[in-house]
Amino acid sequence: MFALFDNHPVLRDALPFVHLGHYPTPVLLADDLDKDRRSAGITIKNDGATGTPYGGNKVRKLEFLLGDTLARGKNAVLTFGGAGSNHALATAIYARRLGLTPYSCLIKQPNSHSVRYNLLRALQAGVHLQHFESIPALATGAILKEIRLLFTDQKLPYWIPPGGTSALGVLGYVNAAFELQTQIDAGKLAAPDVIYIACGTMGSSVGLALGLALLGSQTRVCAVAVTDTNFSSMKKAKKLYAQSGELLRKAGADTPVTRLREDSFELRSDFFGGEYGCYTEAGMQAVNRFQEATGLQIEGCYTGKCLAALSQDLKSGRLDGQQVLFWNTYDGQSQDHPVDELDYRLLPESLHTYFESEVQPLDRK
Ligand SMILES: *Cc1c(COP(=O)(O)O)cnc(C)c1O
């Protein structure tokens, strides 16, 4: 099933797409996350289960982006992210599955077990890795030149922006909103008043907001930012939303022009913690609470911060009587994939520091 195409069949042939995931992802009731029973109910939409061997939110975007890569006859993909980027890893794993060569440009970030794990998995997937000190460095011509040099003898790779967030990638989450609606219609859950979702490059939260608007839904999106304003801002959200809406209409969908409304999309920056990838006390407490209440694993970089915002809003009474949905964007299960046998020294030397220096204090067990 692919709910967006079922609702707008014209898009099936008009948009580039390659099937990678398993849908619909499960919804679970999780009232134990609300011990005092102040909300009307809490549900989890578990996008940890979008795919195997690797799930999480990036699979939905990659179906369009890697579909476009194939449609354009490219044989390699280049993408960007933090050193422990889930997005870069997901891209590499699914690119390989499709016979494409993956390249990742990684940027320094605070160290964690998850960074180490993702680097080893990237090694296993055979990604060509480049590591840079900072984002400004990445933006300079010198580094772009260095990237180009990698491809002198070949066709340039298909370029996937950080987080897989482009007008096209966002459609993965427009589909996710349509998919949720089919589950509501089938009686699997009550229509939520508000959806909490972690927000890095905004593709997932903006895609949901667009999908919900096209469905005429009253559900609000609370996007909990884990990045600074270079990556997450209302300005950027509005632009992406408009571009993706236009892309759908250009592809032939009879969808109305809508605007991102501030009363239906809230960008929260109070749980960010000041730096991408830097764990927070509130976030780590939320990670533990989630595991106790659901048996599922979340993490400190994205989903813990999102759940921390939800928990505070429960406490403050903001969610009294509301149906709440927590959209899990992280595949905790696939983190059990074995990497222990791998030697980090096979990684480019500038990445060894993640294995030879301590993880950040809140990540020490
Ligand atoms: C990338 C990622 C996000 C952020 O999604 P965006 O679409 O970039 O906002 C959230 N959670 C997890 C686990 C991620 O890996």
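Structure: above.
## Focus on the packing of aromatic side chains
If you walk through the whole model with that rule in mind, you get 12 aromatic pairs. Taking 4.7 Å as the distance between ring centres and 45° as the angle between the ring planes, the aromatic pair formed by Phe 2 and Phe 5 counts as tilted. The exposure class of Phe 2 is buried, given its relative accessible area of 7%. Their ring planes at 65° and their centres at 6.1 Å tell us that Phe 2 and Tyr 23 sit as a pair that is edge-to-face. Remark: Tyr 23 occurs in the loop between helix 2 (10-14) and strand 1 (27-29) and Phe 2 occurs in the segment before helix 1 (3-7); sequence separation between them is 21 residues. Of the two residues, Phe 2 and Tyr 23, both sit in the buried class. Aromatic ring contacts, followed pair by pair, group Phe 2, Phe 5, Phe 17, Tyr 23 and Phe 64 into a single cluster. Taking NZ or CZ as reference, Arg 345 lies 5.4 Å from the ring centre of Tyr 344, over its face.

## What about the sheet that holds strand 10 (residues 323-328)?
One key point about sheets: their strands pair by backbone hydrogen bonds, in either a parallel or an antiparallel sense. Spatially, the 6 strands line up as an open sheet ordered 1-2-10-7-8-9, and their pairing is mixed. Either end of the sheet is taken by a strand with one partner, and the two such strands are strand 1 and strand 9 (265-268). The sheet shows a mean angle of 25° between the axes of neighbouring strands, direction not considered. The sheet contact formed by strand 7 (residues 194-199) and strand 10 spans 3 bridges and is parallel. From the neighbouring strand, Tyr 196 faces strand 10, where its bridge partner is Phe 326.

## Concerning the site of the ligand
Near the ligand there are 14 residues, and of these Lys 58, Lys 61, Thr 201, Ser 204 and Thr 329 occur at the shortest range. In the environment of the ligand, an oxygen atom lies 2.9 Å from a nitrogen or oxygen atom belonging to the side chain of Lys 58. The side chain of Lys 61 places a nitrogen or oxygen atom 2.6 Å from an oxygen atom of the ligand. Coverage of the ligand by the protein chains reaches 98% of its 390 Å² of free accessible surface. Secondary structure elements with two or more residues in the shell around the ligand: helix 3 (58-71), strand 7 and helix 9 (203-214). When the residues that make up the shell around the ligand are grouped by side-chain class, the tally is 5 nonpolar, 7 polar and 2 charged.

## Notes on the nonpolar core
Within the largest apolar cluster, 76 residues are counted, with the highest numbers of intra-cluster contacts made by Leu 4, Leu 66, Val 174, Leu 208, Leu 248, Phe 265 and Trp 327. A per-element tally of this core places helix 8 (residues 171-185) first, with 8 residues. Beyond its immediate chain neighbours, meaning those up to four positions away, Leu 208 contacts Tyr 173, Ala 176, Ala 177, Ile 195, Ile 197, Val 221 and Trp 327. Core analysis: the next-biggest nonpolar cluster, separate from the first, contains 29 residues, Val 194, Tyr 196, Tyr 279 and Phe 326 among them.

## Some remarks on the environment of Phe 231
Relative to the helices and strands, Phe 231 is located in the loop between strand 8 (220-225) and helix 10 (234-250). Overall, Phe 231 belongs to the partly exposed group, its relative accessible area being 23%. Along the sequence, Phe 231 and Gly 163 sit 68 residues apart, while their C-alpha atoms lie 9.9 Å from each other.

## A look at the pairing of strand 3 (residues 76-82)
Among the 7 residues that make up strand 3, 7 are buried, leaving the element largely enclosed by the rest of the structure. Of the strand pairs in this sheet, strand 3 and strand 4 (residues 101-107) are connected by 7 bridges, and their pairing is parallel. Within strand 4, the residue paired with Val 77 across the bridge is Pro 102. Viewed along the sheet, the connection from strand 3 through helix 4 (residues 86-97) into strand 4 turns out right-handed.

## Brief notes about the sheet that holds strand 5 (residues 128-132)
The 4 strands lie next to each other as 5-4-3-6, forming an open sheet whose pairing is parallel. Since the sheet does not close on itself, it has two edges, and those belong to strand 5 and strand 6 (158-160), each with one partner. When the angles between neighbouring strand axes are averaged without regard to direction, this sheet yields 20°. Here strand 3 runs beside strand 6; their pairing, made up of 3 bridges, is parallel. In the sheet register, Thr 79 faces strand 6, and the bridge partner there is Ile 160.

## Focus: unusual backbone geometry
Backbone torsion omega between Tyr 23 and Pro 24 reads -5°, so that peptide bond is classified as cis. Here the residue pair Thr 52 and Pro 53 is connected by a cis peptide bond, since its omega of 10° sits within 30 degrees of zero. Mapped onto the fold, Pro 53 is located in the loop between strand 2 (41-46) and helix 3. In this model, Met 202 sits at a positive phi of 80°, which is unusual for a non-glycine residue. With respect to the helices and strands, the residue Met 202 is situated in the loop between strand 7 and helix 9.

## As for the side chain of His 131
For His 131, the location among the structural elements is in strand 5. At a separation of 3.4 Å, a polar atom in the side chain of His 131 contacts the side chain of Ser 350. Setting aside residues no more than four positions away along its own chain, His 131 makes contact with Ala 83, Leu 106, Ile 107, Lys 108, Ser 350, Leu 351 and Tyr 354.

What counts and how
Residues numbered from 1 in each chain as written. Predicted model: local features only at pLDDT ≥ 70, side-chain atom pairs only at ≥ 80, totals over all residues. Heavy atoms only, no water. Phe/Tyr/Trp six-rings, centres within 6.5 Å; stacked < 30°, edge-to-face > 60°. Buried < 20%, exposed > 50% of the residue type's maximum accessible area, 1.4 Å probe, protein only. Helix = DSSP H or I, 4+ residues; strand = E, 2+ residues; numbered from the N terminus. Lys NZ or Arg CZ within 6 Å of the ring centre and 35° of its normal. Pairing = 2+ DSSP bridges. Axes fitted to C-alpha atoms, helices over the stretch in contact; angles between N-to-C directions. Near = heavy atom within 4 Å. Polar contact = N/O pair within 3.5 Å; in protein donor to acceptor, adjacent residues only side chain to side chain. Areas by Shrake-Rupley, 256 points an atom, 1.4 Å probe, with all protein chains shown as cover. Nonpolar A, V, L, I, M, F, W, Y, C, P; charged D, E, K, R; others polar. Core = buried A, V, L, I, M, F, W, Y, C linked by side-chain atoms within 4.5 Å. Contact = heavy atoms within 4.5 Å. Right-handed = clockwise from strand over helix to strand, strands pointing away.

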